[in-house]
Amino acid sequence: MSGSIVVVLVLLAVVVMLGSIGTVVLVRRDGRGRNPREPTERPWMAGNLPSVPYSMWRF
């Protein structure tokens, strides 16, 4: 093989290895999920005012 091809292959291998390591780190850090605890009481309503902000509602 030519020297330039070897350099390109080594650089490609380093990039693939760093990408794989980065993917594993990100999956371990965030991939397990951070689910909020379920509320222990039912939501209440006071007229038109809910117990939680509208942005927190899940349908």
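Predicted, not measured: the structure shown is a model, and the values here were computed from it.

Calculation rules
- Residues numbered from 1 in each chain as written.
- Predicted model: local features only at pLDDT ≥ 70, side-chain atom pairs only at ≥ 80, totals over all residues.
- Heavy atoms only, no water.
- Helix = DSSP H or I, 4+ residues; strand = E, 2+ residues; numbered from the N terminus.
- Buried < 20%, exposed > 50% of the residue type's maximum accessible area, 1.4 Å probe, protein only.
- Areas by Shrake-Rupley, 256 points an atom, 1.4 Å probe, with all protein chains shown as cover.
- Patch = residues over 30% accessible without salt bridge, like charges linked within 9 Å, V, L, I, M, F, W, Y side chains within 5 Å.
- Salt bridge = Lys/Arg side-chain N within 4 Å of Asp/Glu carboxyl O.
- pLDDT = per-residue confidence, 0-100.

## A word on the overall build of the protein
Okay, step 1: A tally of helices and strands in the protein yields one helix and two strands.
Okay, step 2: Order of helices (α) and strands (β) in the protein, N terminus to C terminus: α-β-β.
Okay, step 3: By the burial criterion, 2% of the 59 residues in the protein qualify as buried.
Okay, step 4: Here the protein has roughly 6,000 Å² of accessible surface; of this, 66% comes from carbon and sulfur atoms.

## Re a nonpolar patch on the surface
Okay, step 1: A contiguous nonpolar patch, built from I5, L9, L12 and V16 and spanning about 360 Å² of accessible area, is present on the exposed surface.
Okay, step 2: Its location among the elements puts V16 in helix α1 (residues 3-30).

## As for the confidence of the model for the protein
Okay, step 1: Summing up the model confidence of the protein, the mean pLDDT is 78 and the portion of residues at 70 or higher is 63%.
Okay, step 2: Confidence scores differ between elements of the protein, with strand β1 (residues 45-46) showing the lowest mean pLDDT of 68 and α1 the highest of 91.

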